[in-house]
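Residue strings, one per chain:
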Amino acid sequence: QVQLVESGGGLVQAGGSLRLSCAASGSIFSINAMGWYRQAPGKQRELVAAVTSGSNTNYADSVKGRFTISRDNAKNTVYLQMNSLKPEDTAVYYCNAEIESGYARAVFRYWGQGTQVTVSS
């Protein structure tokens, strides 16, 4: 069984910073792309940032210059450093990873359970 466990959410004032972490565990052979999505109340889930196994990154326009995604392949972990947070960044943030696992080396996309980020004005 593969699991993604997130941590680091919380309440912060506008202009503040938070760092999210997401660790993958289980019978993992390799991890391809990893990313962070978010979903605000009444809105669709949207991509925030993604990073490939080769460390190429992609960001939503709304977070460029403020958020940084990174990964530690040795720890099977992806991070999201969020600076200059705005009230509109308030959402549940979900980790996502494409993982090759098990003796059959099947490839699936996995989701974390979500972590709440609340930015007060």
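Summarised in this report is the structure supplied together with it. Since this is a predicted model, take the numbers as computed values, not measurements. (Residues numbered from 1 in each chain as written. Predicted model: local features only at pLDDT ≥ 70, side-chain atom pairs only at ≥ 80, totals over all residues. Heavy atoms only, no water.)

## Here's the deal with the sheet that holds strand 7 (residues 67-72)
Cut-off, in case you're wondering: For two strands to count as paired, DSSP must find a minimum of two bridges between them. The way it works is that DSSP assigns letters per residue, a run of H or I at least four long becomes a helix, a run of E at least two long becomes a strand, and they are numbered from the N terminus. For helices, the fitted line uses only the C-alpha atoms of the stretch in contact; every axis is such a line through C-alpha atoms, and the angle between N-to-C directions lies from 0 to 180 degrees.
The strand order across the open sheet built from 4 strands is 1-3-8-7, with neighbouring strands paired in antiparallel fashion. Each edge of the open sheet is held by one strand with a lone partner, namely strand 1 (3-7) and strand 7. Averaged over all adjacent pairs, the angle separating strand axes in this sheet is 15°, with direction ignored. With 6 bridges joining them, strand 3 (residues 18-25) and strand 8 (residues 77-82) adopt antiparallel strand pairing. Across the sheet, Leu 18 pairs through a bridge with Met 82, a residue of strand 8.

## Focus on the packing of aromatic side chains
Two descriptors summarise a pair of aromatic rings, namely the distance from one centre to the other and the angle between the planes of the rings. Rules: A pair of aromatic rings is counted whenever rings of Phe, Tyr or Trp (Trp by its six-membered ring) have centres within 6.5 Å, and the orientation is called stacked for planes under 30 degrees apart, edge-to-face for over 60 and tilted otherwise. The classification of residues rests on relative accessible area computed with a 1.4 Å probe and restricted to protein chains. Under 20% of the type maximum is buried, over 50% is exposed, and intermediate values are partly exposed.
A full pass over the atoms with the stated rule returns 2 aromatic pairs. Here the aromatic rings of Tyr 37 and Trp 111 are separated by 5.0 Å at their centres, their planes lie at 65°, and the arrangement is edge-to-face. In this pair, Tyr 37 is assigned in strand 4 (residues 28-39) and Trp 111 in strand 10 (residues 106-111), connecting sequence segments 74 residues apart. Residue Tyr 37 is classed as buried on the basis of its relative accessible area, which comes to 18%. Ring geometry for Phe 108 versus Tyr 110: centroids 6.4 Å apart, planes at 80°, classification edge-to-face.

## What about unusual backbone geometry?
Even without a glycine there, the phi angle at Ser 84 is positive, about 50°. Inspection of the secondary structure assignment puts Ser 84 in the loop between strand 8 and strand 9 (91-101). A positive phi angle, near 50°, is found at Arg 105, a position not held by glycine. On the secondary structure map, Arg 105 appears in the loop between strand 9 and strand 10. Of the residues examined, Arg 105 reaches a relative accessible area of 42% and is grouped as partly exposed.

## Concerning the nonpolar core
We count it as follows: We call a set of buried Ala, Val, Leu, Ile, Met, Phe, Trp, Tyr and Cys residues a nonpolar core when their side-chain atoms join them within 4.5 Å.
With 32 residues, the main nonpolar core has Trp 36, Leu 80, Met 82, Tyr 93 and Ile 99 as its most contacted residues. Mapped by element, the contributors of at least two residues to this core are strand 3, strand 4, strand 5 (46-51), strand 7, strand 8, strand 9 and strand 11 (115-120). Counting residues per element, this core draws most heavily on strand 9, which supplies 5 residues.

## Quick notes on the pairing of strand 3
Examined bridge by bridge, strand 1 and strand 3 share 5 bridges and lie antiparallel to one another. Counted as the bridge partner of Ser 7 is Ser 21 from strand 3.

## A short note on the side chain of Glu 6
To be explicit about the condition: Counted as positive: Lys and Arg. Counted as negative: Asp and Glu. His and the chain ends are not counted at all. Here, a salt bridge means any Lys or Arg side-chain nitrogen found within 4 Å of an Asp or Glu carboxyl oxygen. Pairs of N or O atoms are called polar contacts if they sit within 3.5 Å, as long as, within protein, a hydrogen donor faces a hydrogen acceptor (for residues adjacent in sequence, only side-chain-to-side-chain pairs). Any two residues whose heavy atoms approach within 4.5 Å at even a single point are treated as in contact.
With respect to the helices and strands, the residue Glu 6 is situated in strand 1. Buried and unpaired, Glu 6 has Arg 45 as its nearest opposite-charge partner, separated by 7.9 Å. Side-chain polar atoms of Glu 6 contact the backbone nitrogen of Cys 95, separated by 2.5 Å. In contact with Glu 6, not counting residues within four places along its chain, are Ser 21, Cys 22, Trp 36, Tyr 93, Tyr 94, Cys 95, Gly 112, Gln 113, Gly 114 and Thr 115.

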